[in-house]
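Report on the structure
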Amino acid sequence: MEKVAIVTGSSSGIGFETALALARDGYYTYATMRDTKKGNKILEVAKKENLKIEVLHLDVDKEGTIKSSIKKILDDKKRVDVLVNNAGYGLFGCLEDLSIEDLKSQFETNFFGLIKTIQSVLPIMRKQRSGIIVNVSSVAGRIGFPASPAYISSKFALEGLSESMRFELEPFGIKTVIIEPGVIKTNFFTSLKQSTRIDSAYKDITEKVMKGLTMMAEMGTPPQEVARTIIKAVNTENPLPRYPVGNDAIMFLEAKKNKTDIEFENYIKKELYS
Ligand SMILES: NC(=O)c1ccc[n+]([C@@H]2O[C@H](COP(=O)([O-])OP(=O)(O)OC[C@H]3O[C@@H](n4cnc5c(N)ncnc54)[C@H](OP(=O)(O)O)[C@@H]3O)[C@@H](O)[C@H]2O)c1
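None of the values given here were measured: they were computed from a predicted structure.

When you go through the protein chain residue by residue, the secondary structure sums to nine helices and nine strands. In terms of overall dimensions, the protein chain is globule-like: its C-alpha atoms have a radius of gyration of 19 Å, near the 19 Å expected for 274 residues. Its C-alpha atoms give the protein chain principal-axis dimensions of roughly 55 × 40 × 35 Å. Long-range pairs, those at least 24 residues apart, make up 71% of the contacts in the protein chain between residues at least 6 apart in sequence. By element, 53% of the accessible surface of the protein chain is carried by carbon and sulfur atoms, the whole surface being about 13800 Å². In the protein chain, 39 positive and 35 negative side-chain charges are present, and the distance between their average locations comes to 5 Å.

And the structure:
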């Protein structure tokens, strides 16, 4: 029986590498993206390596494109074994500088878009009594820091959602895992949306955090490592709830576990922007 995988946000970075890794692992892989013109790159690799990859239009902000893609997949393949919810972006800026519209857009893509995609595959996974949902969160889904409260809260929300889903879906044989990358070398930082207030009272801290993140991004973990971790989780009989990726992620999460809240705040200040 042919195994079927769906990846959202496959045009670049983690989604691109994960779609390829799943196809190399034998999955018929739907590399979904909001702009299918960007699909040529993955299709070229697929052709060269003889991989089963199909590009489909799916914009997580547009429910119609989620429904039509999932319908096509079910009509063609009648099953879904793996759903990787990867599509997302970062909104940068301190809370007072962000408009409520920008905050809602951040949640629409990183949180509600993912929920709509999950809800559209769950009926089939329940019927199969199998499947795995991989939610790409971030180390920022576990730790707060300044100048990114929109992104951080969208990923914290995703972590809570995923923890609940594990309990609800386990009786139906459906697994849920959270992937927590640290800083990964992708288009993420060049695609960041930023508040444009030039009179910002938070200019100083915003610039310091951006400098710290830019420096970390230069030494970032390659996206292939995230893809490898996703393959490991997907192929494990009883996957863990969470998989951090990258030395930085492991370092921050260890510090959070071992320090008091105040000690951890001081540690973040020192590591990120002192
Ligand atoms: N890079 C990091 O340091 C890092 C760290 C932790 C977590 N993450 C998470 O990893 C995931 C992938 O990011 P990345 O690092 O691979 O960055 P990336 O290279 O910028 O990729 C983001 C992908 O999401 C897609 N996307 C954005 N909005 C979308 C929408 N409304 N519908 C469908 N697709 C959409 C982008 O499509 P377009 O090409 O059309 O823009 C792109 O394919 C994100 O959820 C991000 O939060 C990244």
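Having seen the model, we can carry on.
Under the 1.5 Å per step criterion, the end-to-end length of helix α5 (residues 149-169) is 30 Å for 21 residues, consistent within 8% with the ideal 30 Å. Within the sequence span of α5, burial applies to A150, Y151, I152, S154, K155, L158, E159, S162, M165 and L169. Turning to α5, the residues buried within the fold contact β5 (91-92), α4 (100-128), β6 (131-136), β7 (174-181) and β9 (242-245).

Further remarks concern the packing of aromatic side chains. The tally for this structure, following the rule as stated, stands at seven aromatic pairs. Aromatic pair Y28 and Y30: ring centres 5.2 Å apart, planes at 50 degrees, arrangement tilted. We classify Y28 as buried; its relative accessible area is 15%. Geometrically, the ring pair formed by Y151 and F188 is tilted, given 5.3 Å between the ring centres and 55 degrees between the ring planes. Of this pair, Y151 sits in helix α5 while F188 is found in the loop between β7 and β8 (193-194), placing the two residues 37 residues apart along the sequence.

Moving on, we come to the site of the ligand. Taken together, 29 residues sit near the ligand, with S11, S12, N86, Y151 and T186 positioned nearest. Side-chain polar atom of Y151 to an oxygen atom of the ligand: 2.6 Å apart, as the coordinates give it. Between the ligand and K155 there is a distance of 3.1 Å, counted from an oxygen atom to a side-chain nitrogen or oxygen. For the ligand, the accessible surface in isolation is 900 Å², of which the surrounding protein chains cover 95%. At the level of secondary structure, the elements contributing two or more residues to the shell around the ligand comprise α1 (13-24) and α5. Looking at side-chain class alone, the shell around the ligand contains eleven nonpolar, 13 polar and five charged residues.

Another point: the side chain of T176. Tracing the backbone shows T176 in strand β7. Since its relative accessible area comes to 2%, T176 is described here as buried. The residues contacting T176, other than those within four sequence positions of it, are I133, N135, S162, M165, R166, L169 and L240.

Rules used throughout
- Residues numbered from 1 in each chain as written.
- Predicted model: local features only at pLDDT ≥ 70, side-chain atom pairs only at ≥ 80, totals over all residues.
- Heavy atoms only, no water.
- Helix = DSSP H or I, 4+ residues; strand = E, 2+ residues; numbered from the N terminus.
- Rg over C-alpha atoms; globule rule 2.2 N^0.38 Å.
- Contact = heavy atoms within 4.5 Å.
- Areas by Shrake-Rupley, 256 points an atom, 1.4 Å probe, with all protein chains shown as cover.
- Lys, Arg positive; Asp, Glu negative; His and termini not counted.
- Charge placed at Lys NZ, Arg CZ, Asp CG, Glu CD.
- Expected span 1.5 Å × (residues − 1).
- Buried < 20%, exposed > 50% of the residue type's maximum accessible area, 1.4 Å probe, protein only.
- Phe/Tyr/Trp six-rings, centres within 6.5 Å; stacked < 30°, edge-to-face > 60°.
- Near = heavy atom within 4 Å.
- Polar contact = N/O pair within 3.5 Å; in protein donor to acceptor, adjacent residues only side chain to side chain.
- Nonpolar A, V, L, I, M, F, W, Y, C, P; charged D, E, K, R; others polar.

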